[in-house]
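Chain and residue survey
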Amino acid sequence: MVPVLAALVLVVGLSLLVVGVVRLAFVPAALVFEVRQRRAGPGPAGYGPLYDEAPLVSVVVPAYDEAVTIENCVRSILRSDYPRFEVVCVDDGSADDTFARLQAIAAAHPRVTAMRQENAGKGAALNTGIAAARGEVLLLVDADGLFRPDTITRMLRGFRHPRVGAVCGSDRPVNLDHVHTRLLALISHVGTGLMRRALDVLHCLPVVSGNIGAFRRDVLARTGPLRTDTLGEDLELTWRVHRAGFGVTFAPDAIVYAESPSTLRGLWRQRVRWARGLLQAIELHRSMIGNPRYGAFGIYLAYNTFAQVVAPFLQVLALVVVAVLVAVGGHGWLPTSWWAWVLLLGLPLSAGLLLLAVLLDRAVGDLRQLWMVVLWPVYSLMMTFVVLEAARRELGNAENRWDKLDRSGTVSVPGLVDGDGPGS
């Protein structure tokens, strides 16, 4: 192995190893979550302990140039087995025929309302939909999301007590037609299957996914509307829910399937946008970071800021230092055997955590992609440079461009788009 390349792998491998060790510390909390879930009942009406009867749920769907996906999305919602819901769709000034498709669906289904506004961004479209919605619970989803029939019901069970202000569902990739989308489908279980469970128990869940997040209307009245000047409106709103004194929980069985970026360029753009959203949330809520006034969440934000923002810069610095050492002092200290490299990369630890996460998510079928774990270091390196690029754009006051992904409409999961259900 070329010494400089070996040094690069060394830095990435050590980073993965450290991340794996930290995640290992979250395993007990994730297991506690699972035990609690198995013991918890669905509540007197089957919709969670907070509700004695089914509340009206408003599913708000913002859409911009989503003609490829919007019909499948809304129809999957309409197949829900939940008895009381409406679907409020807001076209954000699309240039394609998204709104015409929404109008056609609304004409055929009384539950659906189709609205249109001038292009103002996702946050503004969500605010428009929320203002028009009638529900006690607001379920905010993306226009490429595909529901299972029990998604809404399972989501409501996340409102376990009166101090829960928001619930995060479980989002999974639906387009498994590329190597990188299969990799994302596999490793995303560590975030959903393991970390979200653990952070729920620790009262530190930092984001309600924009793909599937439920908020109580009375809580949003306290926090205020979604911001329209940030690229991470879901993350920023979640931090405001915590700031207002409400908890955020995870509903692992409330699943939505959504598209992962179908190209590496699209993946890069999406992740840079997410990283910029994090940086903007940190700036807006810097008084919360490390502040014990906000309980465990404030303390967790200090760790999260270090891990997500500071650590990538330290990784690059370490890479430069190692490269210099290799150039001037030889490379005899690098591992020479394949098994030493495997251990150094932390692949056994990563694979073990991944296996646990997949089992917690009850997605054993995804283990057929387990061989892709060898690509994890490459993805990790890419995410390091994503943060650097996001920081560069923020420091340069770059425009808050959404960089919307091109949709493929690919659905690799069977049974999500076939036929009409009882809600239609």
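Computed from a predicted model, the values in this text were never measured in an experiment. The residue numbers shown here count from 1 along each chain, following its written sequence. Selection of residues for local features in this predicted model requires a pLDDT of at least 70, selection of side-chain atom pairs for listing and counting requires 80 or more, and totals for whole chains, interfaces and linings are taken over all residues. Hydrogens and water are ignored here; the side-chain numbers use all heavy atoms of the structure.

With that settled, consider the nonpolar core. Counting residues in each nonpolar core, the largest one holds 68 residues, and the members touching the most others are Leu140, Leu194, Phe215, Trp239 and Tyr379. Dropping the residues within four chain positions of it, Leu194 is found in contact with Arg23, Val27, Ala30, His189, Leu353, Leu356, Ala357 and Leu360. For this analysis, a nonpolar core means a set of buried residues of the types Ala, Val, Leu, Ile, Met, Phe, Trp, Tyr and Cys, connected via side-chain atoms within 4.5 Å. Burial here depends on accessible area, computed with a 1.4 Å probe over protein chains only, as a share of the maximum for the residue type. Under 20% is buried, over 50% is exposed, and the range in between is partly exposed. Counting residues in each nonpolar core, the second largest holds 35 residues, with Val57, Leu78, Val87 and Phe159 among its members. Only heavy atoms matter for contacts: two residues are in contact if any of them lie within 4.5 Å across the pair.

To continue, consider the pairing of strand β3 (residues 112-117). Along a regular strand, successive side chains alternate from one face of the sheet to the other. As paired strands, strand β2 (residues 85-92) and β3 are joined by six bridges and run parallel to one another. Paired with Asp92 across the strands is Gln117, a residue of β3. Convention used here: a crossover is right-handed provided that the path from the first strand, over the helix, to the second strand proceeds clockwise when the strands point away from the viewer. Labels follow the DSSP assignment, with helices taken as runs of H or I lasting at least four residues and strands as runs of E lasting at least two, numbered in each case from the N terminus. The handedness of the β2 to β3 crossover, carried by helix α3 (residues 98-108), is right-handed. For two strands to count as paired, DSSP must find a minimum of two bridges between them.

Right, let's get into the confidence of the model for the protein chain. You can read pLDDT as the predictor saying how much it trusts each residue, on a scale of 0 to 100. In this model, the protein chain carries an average pLDDT of 86, and 87% of its residues clear a pLDDT of 70 or more. Contacts of residues 420-424 to residues separated by more than four positions or lying in other chains number 12 contacts, the stretch itself having pLDDT below 50.

On to the side chain of Ser76. Inspection of the secondary structure assignment puts Ser76 in helix α2 (residues 70-78). For Ser76, a relative accessible area of 1% translates into the label buried. Under this definition, polar contacts are N or O atom pairs within 3.5 Å; protein pairs additionally need one hydrogen-donor-capable and one acceptor-capable atom, and for neighbouring residues in sequence, both atoms have to be side-chain atoms. For Ser76, the side chain forms a polar contact with the main-chain oxygen of Cys73, separated by 2.7 Å. In this structure Ser76 touches Gly145, Leu146, Phe147 and Leu416, once residues within four positions along its chain are discounted.

Turning next to the pattern of salt bridges. Salt bridge criterion: a side-chain nitrogen from Lys or Arg within 4 Å of a carboxyl oxygen from Asp or Glu. The full count for this structure, using the stated rule, is 22 salt bridges. A salt bridge links Arg362 to Glu34, with the shortest nitrogen-to-oxygen separation between them at 2.6 Å. Taken as a pair, Arg362 in the loop between α12 (347-360) and α13 (376-395) and Glu34 in helix α1 (residues 3-39) lie far apart in primary sequence, 328 residues in all. Between Arg160 and Asp200 there is a salt bridge, with its nearest N and O atoms 2.8 Å apart. With Arg160 in the loop between α5 (151-156) and β6 (164-173) and Asp200 in helix α6 (residues 179-201), the pair connects residues that are 40 residues apart, well separated along the chain. Among the residues examined, Arg160 registers a relative accessible area of 27% and is labelled partly exposed. On the accessibility criterion, Asp200 (4% relative accessible area) is buried. Through salt bridges with shared partners, a single ionic network connects Glu34, Arg38, Arg172, Arg197, Asp361 and Arg362.

All of the buried residues along α2 are Ile70, Cys73, Val74, Ser76, Ile77 and Leu78. Those residues of α2 that are buried are in contact with β1 (57-63), β2, α3, β3, β4 (137-141) and β5 (146-147).

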